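# Coordinate inspection notes
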Amino acid sequence: MTTAFRQYFELCGSLLYWLFVAPFRGRGWRIGHTFAQIVRIGVHAVPMAALTALTIGVVLAMQSAAQLAKLGATVYVPGLVSSSLIRELAPLVTAVIVIGRSGSSITAELGTMKVSEEIEALEVMAIPPMSWLIVPRFLAMVIMMPLLTVFSIYVGLAGGWLIGHYSLHMSTAFFVSHALQYVELSDVGVGLLKSGVFGVLIVTIACSIGLNVSGGAEGVGLATTRSVVVSLLTVFLANAVLTALFFF
Amino acid sequence: MSPHSPVSAAEPIIEVDSLVRHFGAQKVLDGVSFKVYEGDTFVIMGGSGCGKSTLLRHLIGTEKPTSGSIKIFGQEITTMRADAMQKMRGRYGMLFQSGALLQSLTVAQNVALPLVEHTQLDAGLIDTVVKMKLEQVGLTGHGHKKPSEISGGMKKRAALARALALDPPLVFSDEPTAGLDPIMTAVVDELTQRLTQKIGATVVVVTHDMNSVFRIGTRIIMLGTGPHQGKIIAAGTPEEIRAHPHPAVQQFINGDPQGDGSDDSGELLYRETLLGTAAAGRYSRPTMSSATP
């Protein structure tokens, strides 16, 4: 446990150097690698994020409509859907999807590279693994998490609109104006801040565990599971802390 | 001094002094000292688990010793700062035991990697150098393949081509011929000899292939196992090693299953203890009735 924390903070320290100091010493960010990771981490996650956000938007609208109909207050459905999605659900659900498909993949890939001596080979070829492997993944995650969250918010709202329009017979203009009425710009800002924080946590945990794999194929498997579990718990904990700080 | 300027013949390229490495309570390297001179093909041999790959990892700077000193090109690397170590690494190539090709790149991209990273050559020139290096190791026409699409021996040869991409003055090689057929073993050995004889490079090879040891080695050390774990038990020219009186050296050269170099003494002791305990009646043979449910 202590070793894992030490390894994590060592990685974070090294990452800070390679992000902010190394570029001024002639070792810039690898833009090509970063774009490749943006596609892998972000673009390929779009269909899954879309499907999940759509179903959540639909379910939120149906559940709230069922309860609010008893009070004759279905007019509040758009606001409930939008505020829930923007403040909590879109950042959190996007994080869960990214942990499941990208965090696990980062740990498994780096772990396999570690056990097959590829990372050592990079070091020996004087190609720093931090610059070649970690910084591009970090940048891609920090860029794509908020973008995926914005995308999830839109798709989730579209899911809510489906119920609002076809089941509750609201006009599109009514749905949009009521959805926006209950949301402040600061809510969007905090939602995106949350997703950025989640992105940092997911990528640093996945990289730290992946880079410290030992024990062959079994070690890679165990590390991947550990990466997913630790990332999920950390993200849920961070979400609670951020909600308490900004909304409570 | 330019990065590739040769060190004078009197100065050793590598100087290892009293190197000790512990893994927990286990002493893997125990007071290892040797010097490697320019143009040498220096062979580190020994049985499995003797610490030869660990020694190599210390030489390339990916492991830090418990104590002792390693000087490469006259510079102490055990206490070297990361940025200085980066520069030092630009002066040597390394062939890993598994090849360690990057799986996400093709064979040609792997060989081109050091050239792309450390030279200002244009893409056309890099392509030409890569083709030449692949031809040297007998991999013409395989450059477009991913490492997962080629055999283990081909991976190793591709990794050798990558290690030689920058024509480094010092090359480390971990089991370069393990897993290769006899013809390819000869090709790799010949390539190693050509490196030292024609280019003047210095090569450090870790191997337990005795044919290769005597074919390419100009100076040899042997690390011991068992009671001699991590110690140099023999050092010298190939002739001196062939005539070495140490029984473990002779056993290793001749490939005898029994002798000082075998580490099965512990197993025998355990077996004998077990048999002795059984004879004393402390274990009873299970009866048929107790075995059936």
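This report concerns the structure included in the present document. Everything quoted here is computed from the prediction, not taken from an experiment. (Residues numbered from 1 in each chain as written. Chains lettered and ligands numbered in written order. Predicted model: local features only at pLDDT ≥ 70, side-chain atom pairs only at ≥ 80, totals over all residues.)

## Some details on the nonpolar core
Stated precisely, the cut-off is as follows: Think of a nonpolar core as buried Ala, Val, Leu, Ile, Met, Phe, Trp, Tyr and Cys residues chained together by C-beta atoms that fall within 7 Å. Partly exposed residues are those whose C-beta has more than 12 but fewer than 20 other C-beta atoms within 10 Å; 20 or more makes a residue buried and 12 or fewer makes it exposed, with C-beta atoms placed from the backbone. Here, residues touch in the contact sense if the C-beta positions derived from the backbone fall within 7 Å of one another.
Membership of the largest hydrophobic core comes to 133 residues, with the highest contact counts inside it found for Ile202(A), Ile44(B), Val111(B), Ala161(B), Val171(B), Val204(B) and Met222(B). Excluding residues within four positions of it along the chain, Val111(B) makes contact with Val130(B), Lys133(B), Leu134(B), Ala158(B), Ala161(B), Arg162(B) and Ala165(B).

## Considering the sheet that holds strand S1 (residues 14-23) of chain B
Residues and elements named next belong to chain B. The test is simple: Here, a strand pair is defined by DSSP locating no fewer than two bridges between the strands. Going along the chain from the N terminus, every DSSP run of H or I of four or more residues is numbered as a helix, and every run of E of two or more is numbered as a strand.
Reading across from one edge, S2-S1-S4-S5 is the order of the 4 strands in this open sheet, with antiparallel pairing throughout. The open sheet has two edge strands, strand S2 (26-36) and strand S5 (75-76), and neither has a second partner. The pairing of strand S4 (residues 67-72) with S5 spans 2 bridges and is classified as antiparallel. Residue pairing for S5: Lys 71 is matched across the bridge by Glu 76.

## A short note on the packing of helix H3 (residues 107-118) of chain B against helix H4 (residues 123-136) of chain B
Residues and elements named next belong to chain B. Heads up, the condition is: Geometry is summarised by axes, namely lines fitted to C-alpha atoms with helices restricted to the contacting stretch, and by angles between N-to-C directions that run from 0 to 180 degrees. With respect to orientation, any angle under 35 degrees is reported as roughly parallel, any angle over 145 as roughly antiparallel, any angle of 65 to 115 as roughly perpendicular, and every other angle as oblique. Each crossing is labelled by how the near helix is turned from the far one, with a counterclockwise turn of less than a right angle marking it left-handed and a clockwise turn marking it right-handed. Under this grouping Gly is polar, as are all residues other than the nonpolar Ala, Val, Leu, Ile, Met, Phe, Trp, Tyr, Cys and Pro and the charged Asp, Glu, Lys and Arg.
Contact pair H3 / H4: the axes reach a minimum separation of 9 Å and the direction vectors enclose 125 degrees. With respect to their mutual orientation, H3 and H4 come out oblique. When the axes of H3 and H4 are compared, the crossing they make is right-handed. Between H3, through Ala 108, Val 111, Ala 112, Leu 115 and Val 116, and H4, the contact on the second element is made entirely by Ile 126, Val 129, Val 130, Lys 133 and Leu 134. Of the residues belonging to the contact of H3 with H4, the class tally is 9 nonpolar, no polar and 1 charged.

## A look at the interface of chain B and chain A
Of the residues lining the interface, 14 residues belong to chain B; the matching set on chain A comes to 10 residues. For the side of chain B that touches chain A, a count of residues per class yields 7 nonpolar, 5 polar and 2 charged.

## Looking at the pairing of strand S7 (residues 170-174) of chain B
Residue and element names in this part refer to chain B. Here is the rule we go by: By definition, the crossover connecting two strands over a helix is right-handed if that path, from the first strand to the second, turns clockwise as seen with the strands pointing away from the viewer.
By the criterion of burial, S7 is predominantly enclosed, with 5 of the 5 residues buried. Residues Leu 170, Phe 172 and Asp 174 of S7 are buried on one face, and the alternating residues Val 171 and Ser 173, pointing to the opposite face, are buried as well. Judged from the 4 bridges that link them, strand S6 (residues 92-95) and S7 form a sheet pairing that is parallel. Each bridged residue has a counterpart across the sheet, and for Gly 93 the counterpart in S7 is Val 171. Of the pairings in the sheet, the one linking S7 to strand S8 (residues 202-207) comprises 5 bridges and is parallel in character. Residue Asp 174 lies in a different strand from S8, and its bridge partner there is Val 206. A crossover connection joins S7 to the parallel S8 through helix H6 (residues 182-199); in handedness this β-α-β unit is right-handed.

## A closer look at the packing of helix H1 (residues 2-21) of chain A against helix H8 (residues 185-211) of chain A
Residue and element names in this part refer to chain A. Between H1 and H8, the shortest axis-to-axis distance is 9 Å and the interhelical angle comes to 115 degrees. Viewed along their axes, H1 and H8 adopt a mutual orientation that is roughly perpendicular. Crossing of H1 over H8 shows right-handed handedness. Where H1 abuts H8, its residues Gln 7, Tyr 8, Leu 11, Cys 12 and Leu 15 lie against Thr 204, Cys 207, Ser 208 and Leu 211.

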